[in-house]
Amino acid sequence: MTTGTAIQLKRTALYAVHKAAGGRMVEFAGWEMPVEYSGIVAEHLAVRAAAGLFDVSHMGEIEVRGRESQALLQYVTSNDVSRLKDFQAQYTALIERQGSAVDDCVLHRFGEGHYLLCVNAANTEKDFAWIVRHNRFDAEVRDVSDLYSQLAIQGPRAASILARVTSPDPTSLAPYWFMRARCLGVEGLVARTGYTGEDGFEFYFPPEESERVWNCLLEAGKSEGIVPAGLGARNTLRLEAGYALYGHELDDSTTLLEANLGWISKLDKGEFLGREALLEEKREGLRKKLVGFEMLDRAIARDNYRVSVDGREVGRVTSGSPAPFLKKNIGLAYVPPEVAGAGREIEILIRGKRWRARQVPLPFYKRSKT
Amino acid sequence: MVPVELQYTKDHEWIRVDQSTGTIGITDHAQNELGDIVFVELPKAGDHVSAKESLGSVESVKAVSDIYSPVSGEVLAVNAKLQDKPELINTDPYGDGWLVRVSLSDPHEVETLMSSEEYAAYVQDKAAH
C-alpha cells in the first residue's frame, strides 16, 4: 500500500468522479479503482436492501464477428454457444486444453455472426491473444474494451431506478438477456446480469458520457437508497453469492469441474478445447473440490490460509472474508473430494493457530424471489 | 486528526503516557485506511508485550493488520468493549476505541516515538508518494 510503482495504472473515465466522491482508490488488475466510498459494510448492505452503482469499466470487451464466429466460440469456450438466442447472454469460460479456465466471462449474442464477450480486466489481453491464436475460422476478433464504459446497477431497487431513465423498459428483460437501449439519452447495451447475487443490470456505453450517466443514475435512485459501491463490496457480495473470482477460485491449475463449474461445461456440445481433459477427469474423479465454509469461532479466514483436517494440511482458502449481510465469517477453499461435504468440519490456520470451520452448502446467500 | 498529547509509531499506533502506564490504540489514519473494523485480537491482562513486536491484530472487512506495541511492559487492562463493538475503533480511535493499557518497563522507549507534528508530517509524506 505504500510502495511506489513504475507501472502506469489505467483509469476509467470516472476516476475524477470517484476521487471527488471520497472513493479510496487502489490498484486492481492494472487499474486504479475505488475499493470503497462510505465503507464496504454500508455499501454491501445497500446493495442487498436497495441498490448500488458500481463502475466496472475496467472489465474488458472482446467482439467476435463473422460467418464462423459461433464455431470459433464453441471451440474456445466451455458453455454451449448454440443455445444462445439473439440478445441472450451466457456465463461461460475460455478454456485451456487441460480443462482449466483462461478466464470466466459473459458471452452476449447479437445475432448470427456477432458476439460480445465481457472478460476480467486483468485477463483482457491474454484472452484476446488466446482467441486469436485459436482462430482458424472465418471470424474477426477485436478488443473493443476502449469503446465501452460499464456500470453495474445492482440490488432489489435497480430495476425500478433504471426503468425511470431507460427506454425501452429494461424490466421486461429476463435474467441473462440484454437489449439496445437509451439510458439518460445515451445509446448502449443494457443486460440483466451482475455479480452480486441480487437482481441487477449492467450498462455498456460510450466512455464520453460516463460522468453524466453516473451522476444522473445516482440522482435518479437517490430516493430509493442507491449508493456508489466499490470493488470491496463487489467482492464481499460475490463471495456471499458463491461466485468464483478469477485468480482466486479459478487459475491454470484448477479445472472447471473442480471449481463447481460443471454446469457451464457442456461436454456433449461437440469438440472444444479442454473437452478431453474434462471427460477424463469425470472418468477418473476430481483431484480437489471447491467447498464453502463458515467459521465456528470468531476468527476470520483470509485468502491463501491453510486448511487442515485433524491437523493434516489438505488445502488452501481461495477467498475468505467477513460476510456483511450474513454476519458470519465465510470462505471458499479447495479440499480433496474425500474431505468435502456440507456439515463436515475443517480447520483454518490463522496466525499460527487452528480455528474450527464447518463446510456449508453453496451459495452462502440466495436472494428470496419476490 | 492527530491529538497533540499522544506519541506515535510509524506503524500508526498511538500511546497516551500517564506516569508509568501507557494506553495504546491505532490512529485515525490507520482506522480510515483499514475501513470497517470487525474483529480485534488482543493479549490478556498479565501478558508481556515488547516494543515493536505484535501485540495483537485488528481486522477490517478487507484486511488483517498487526498491531505493534509502541513500548515494552505488562498488560494491565484490555478494552473488553471491543469484543462486541470493534467498530469503536472506527468511530473513536483515540477514545473508546483504545486497545490495551500497559505498565511501562522502560520509560525511555517513549522518547523514540514521534510527536503529533512528526506523525502528521509522516502521514502526509507517505500520502504524497
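Conventions used here
Residues numbered from 1 in each chain as written. Chains lettered and ligands numbered in written order. Predicted model: local features only at pLDDT ≥ 70, side-chain atom pairs only at ≥ 80, totals over all residues. Helix = DSSP H or I, 4+ residues; strand = E, 2+ residues; numbered from the N terminus. Rg over C-alpha atoms; globule rule 2.2 N^0.38 Å. Buried ≥ 20, exposed ≤ 12 C-beta atoms within 10 Å, placed from the backbone. Contact = placed C-beta atoms within 7 Å. Pairing = 2+ DSSP bridges. Axes fitted to C-alpha atoms, helices over the stretch in contact; angles between N-to-C directions.

1. Overview of the overall build of chain B
Within chain B, the regular secondary structure consists of 4 helices and 9 strands. The helix and strand sequence of chain B, counted from the amino end, reads β-β-β-α-β-β-β-β-β-α-α-β-α. Relative to the globule expectation of 14 Å for 129 residues, the C-alpha radius of gyration of chain B, 14 Å, shows essentially globular dimensions. If one aligns the C-alpha atoms of chain B with their principal axes, the spans along those axes are about 35 × 35 × 20 Å. Expressed as a percentage of its 129 residues, the buried residues of chain B come to 44%. Taking all contacts inside chain B whose residues are at least 6 apart in sequence as the whole, residues at least 24 apart take part in 62%.

2. Quick word on the overall build of chain A
Along chain A, the regular secondary structure elements total 8 helices and 20 strands. Each of the three principal axes of chain A carries a C-alpha extent, and together these read 60 × 50 × 50 Å. Looking at the 370 residues of chain A, the share that counts as buried comes to 49%. In chain A, once contacts between residues fewer than 6 apart in sequence are set aside, the share between residues at least 24 apart is 66%.

3. With respect to the sheet that holds strand β18 (residues 328–335) of chain A
Residues and elements named next belong to chain A. Taken in spatial order, the 6 strands of this closed barrel run β15-β18-β17-β16-β19-β20, and their pairing is antiparallel. In this sheet, adjacent strand axes meet at a mean angle of 45° when their direction is disregarded. In this sheet, β18 lies alongside strand β17 (residues 312–323) in antiparallel orientation, the contact comprising 7 bridges. Of the residues in β18, the one forming a bridge with G320 is G331. With respect to the sheet, helix α7 (residues 231–240) is in contact with β17 and β18, its orientation differing from that of β17 by roughly 120°.

4. A word on the interface of chain A and chain B
The interface of chain A with chain B comprises 14 residues on the first partner and 10 residues on the second. Of all the secondary structure elements, the ones that give two or more residues to the side of chain A that touches chain B are α2 (40–49), α7 and β17 of chain A.

5. As for α2(A)
Along α2(A), 7 of the 10 residues are buried, which leaves the element largely enclosed by surrounding structure. Those residues of α2(A) not exposed but buried are A:I40, A:V41, A:E43, A:H44, A:A46, A:V47 and A:R48.

Function cannot be read off these values alone, since they describe shape.
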